[in-house]
Amino acid sequence: MENGKSHPALEISDLSFSVGARSILSRVSFKVPKGEFLAVVGPNGAGKTTLLRCVVGVISRYTGAVTVDGRPLAAYRRRHLARLMSYVPQSDAGWFPFTGRELVMMGRYPYLNPFSPPGRRDLEVVERTLHITGTASLADRDIRTLSAGERQKILIAGALAQEAETMLLDEPTTFLDPRHTDEILSILSGLNRSGVTVVMVTHDINSAAAVSSRILALAGGEARYNGSVEAFMDNAVLEAVYGKQFTLVPHPARGLSMTLPGGPRP
Amino acid sequence: MNRTRQVAVLVALLAGTGAVLLMLPLVGMKLTPLRAILDPSGSGTEARIFWMIRVPRVLAGWLAGAALAAAGMAYQALFRNSLATPFTLGVASGAALGAALSIRFGLYLSVAGFSGTPLWAFAGASASILLVYGITRARRGMSTATMLLAGVAVSFFFSSLNLFTQYISDFTHTFRIIRWLMGGVQVAGFRSVLEMAPLVLAGLLITLRLTRELDILATGEEMAAGRGVDVVRTRNMLFFASSLMVGGVVAVCGPIGFVGLMIPHICRLLVGPGHRVLAPASILAGGSFLALCDTFARTIIAPAEIPVGVITALLGGPFFLALLIREGKH
């Protein structure tokens, strides 16, 4: 930053959204500085997905402000926005028999001239992206034949091909087996270490604790917690968010607590 | 999908289209001898049948097939469903109502000497696609069941209005409307071809310009928004283009079903799902297919003829069911 000032990657202020009389999000405010790995957690129906949909502009009838890299969301053209911010929604990517590589190439859309085919640089970025995400072996497979975990990796590769400095992900590890969950989390922390700002919505408190640098917890459409991972893994905080206490055990290698599934044995 | 294979298929389809356009006009109750066409005076009966009846008819059939296939292909990407077609979504019914109203009430609103029927059909098509899309979207997830039910409901609704239009029409109007609703390429002279051609060509051009967006929309609207596609604008342009095409076709030929179902599906098997190749392939294949079906329809029981819509429905009905059953297995 030559002028010495760097805007936060993302700044949300007073964001509210309702459907009819039902309020989905109410006065949510937070900042995501560049380089951060923010996990957005909270119970089902807390408004996590809606929050992401407002941030990427899929939902536009909200009140409050979304600022991306110092400029309001509405000031961007969609193609330009896609070069700053990529998005991995909860999606099955459809029934069309595209190959993995074709799907990743779609991530180059914001850079492509409408009248010419992808250039050499686009092809290079796609191959590099496949390599980084460990999906080179899936590149020529029909996406419909991939497992959920493999498909999620290809979708992340597609978002990465946008070469955006911020990546938003909606439940990237839900429904995945433990191995794929771990692989995806390690891809994401790798990206974060290489400088990508990551905002990940997740149900899984332990995953959030393991990879993120900060946690934002939503419940009932409100931000209930925004702070360090260590302080979040505390039953007073967890109860405020989930309405329930958990069994907490210390992580053997790191100085933070993890939750165990199931209540205490009688 | 293999690049060589895609090129080979496109070349074959292009050659097929050339052959269809050059040879089918020769076919009829009597084969037209080449000498008759090339007769410089051009006044013989054979030459007149060739130039004024068969050539425009083959052209109209080709344009109709190309348009219906392209519209079906676009709907399938937008609804992310292989069963979305102008017919199943009720768009053809909407266009038919627009056209029937224009025939019944003589709402010609002629533009530069041409009848306004295609514009009324376009309006009807636009109304129904917006309605069906709205209903399908209102229930989140865009399920096949919701889409087909919405299509059926809209189709029935417009068909009843259409029946009502016939009921209050006099005998000659009613006969015209019913015969035309069977779907057929009964054109004589170039007037009808010129009536539908601007709508169809404009629609085809817009669709061909948006092939990259069609690819991305086929992976989901949210995904497309994240990739930088202006989803609302692109969707509206595609709805506009497909309504132009379906309106143009239905105004002249009536609702011809199932071309938009079979052709994109078969082409996807041949050249893969990428719309940059799929779109031209579907257009070429759709045009040739319908021109062939229509030539069959007008020769098989000559001197009488079958409406071509009957033939495409006989082929397409089982095809639709097979797709529906296969989709259930996924």
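Note that the structure is predicted; figures quoted are calculated from it, not measured. (Residues numbered from 1 in each chain as written. Chains lettered and ligands numbered in written order. Predicted model: local features only at pLDDT ≥ 70, side-chain atom pairs only at ≥ 80, totals over all residues. Heavy atoms only, no water.)

## Thoughts on the side chain of B:Thr85
All names here are of chain B. With respect to the helices and strands, Thr 85 occurs in the loop between helix 3 (45-79) and helix 4 (91-105). Classification of Thr 85 as buried rests on a relative accessible area of 2%. A polar contact is formed between the side chain of Thr 85 and the side chain of Thr 88, at a distance of 2.8 Å. Setting aside residues up to four positions removed in sequence, Thr 85 forms contacts with Gly 72, Tyr 75, Gln 76, Gly 260 and Leu 261. (Helix = DSSP H or I, 4+ residues; strand = E, 2+ residues; numbered from the N terminus. Buried < 20%, exposed > 50% of the residue type's maximum accessible area, 1.4 Å probe, protein only. Polar contact = N/O pair within 3.5 Å; in protein donor to acceptor, adjacent residues only side chain to side chain. Contact = heavy atoms within 4.5 Å.)

## A word on a positive patch on the surface
A contiguous patch of positive charge on the surface is contributed by A:Arg77, A:Arg83, B:Arg209 and B:Arg233. When its relative accessible area of 64% is taken as the criterion, A:Arg77 is described as exposed. (Patch = residues over 30% accessible without salt bridge, like charges linked within 9 Å, V, L, I, M, F, W, Y side chains within 5 Å. Areas by Shrake-Rupley, 256 points an atom, 1.4 Å probe, with all protein chains shown as cover. Salt bridge = Lys/Arg side-chain N within 4 Å of Asp/Glu carboxyl O. Lys, Arg positive; Asp, Glu negative; His and termini not counted. Charge placed at Lys NZ, Arg CZ, Asp CG, Glu CD.)

## As for the sheet that holds strand 7 (residues 166-170) of chain A
Residues and elements named next belong to chain A. In space, the six strands of this open sheet follow the order 6-7-8-3-9-10, with mixed pairing throughout. Where the open sheet ends on each side, the last strands, each with one partner, are strand 6 (85-88) and strand 10 (222-227). Averaged over neighbouring strand pairs, the angle between their axes works out to 15 degrees when direction is ignored. With five bridges joining them, strand 7 and strand 8 (residues 197-201) adopt parallel strand pairing. When the bridges of strand 8 are listed, Leu 169 appears paired with Met 200. (Pairing = 2+ DSSP bridges. Axes fitted to C-alpha atoms, helices over the stretch in contact; angles between N-to-C directions.)

## Some points on the layout of surface pockets
By volume, the second largest pocket is sized at about 1,300 Å³. Residue lining of the second largest pocket: 47 residues in total, with A:Leu112, B:Thr211, B:Arg212, B:Asp215 and B:Arg276 positioned closest to the centre. Among the secondary structure elements, those contributing two or more residues to the lining of the second largest pocket are helix 2 (78-84), helix 3 (100-105) and helix 4 (120-132) of chain A together with helix 1 (3-23), helix 8 (191-209), helix 9 (211-217), helix 11 (231-253) and helix 13 (275-299) of chain B. The leading source of residues in the lining of the second largest pocket is helix 9 of chain B, at five residues. Across the lining of the second largest pocket, the residue classes break down as 22 nonpolar, 10 polar and 15 charged. (1 Å grid on protein atoms, 1.4 Å probe; cavity = no way out; pocket = protein on both sides within 12 Å on 5 of 7 lines; lining within 4 Å. Points joined across faces, edges and corners; volume = space filled by probe spheres on them. Nonpolar A, V, L, I, M, F, W, Y, C, P; charged D, E, K, R; others polar.)

## Description of the packing of aromatic side chains
Overall, the coordinates contain eight aromatic pairs over all chains when judged by the stated rule. Where B:Tyr133 meets B:Phe239, the ring centres are 5.3 Å apart and the plane angle is 65 degrees; that geometry is what we call edge-to-face. In this pair, B:Tyr133 sits in helix 5 (residues 117-138) while B:Phe239 sits in helix 11, placing the two residues 106 residues apart along the sequence. With relative accessibility at 7%, the residue B:Tyr133 sits in the buried group. The cationic tip of A:Arg71 hangs over the ring face of A:Tyr76; the distance from NZ or CZ to the ring centre is 4.6 Å. Between A:Arg108 and the ring centre of A:Tyr111, over which it is positioned, the NZ or CZ distance is 4.2 Å. (Phe/Tyr/Trp six-rings, centres within 6.5 Å; stacked < 30°, edge-to-face > 60°. Lys NZ or Arg CZ within 6 Å of the ring centre and 35° of its normal.)

Fair warning: the whole summary comes from geometry, so function is off the table for now.
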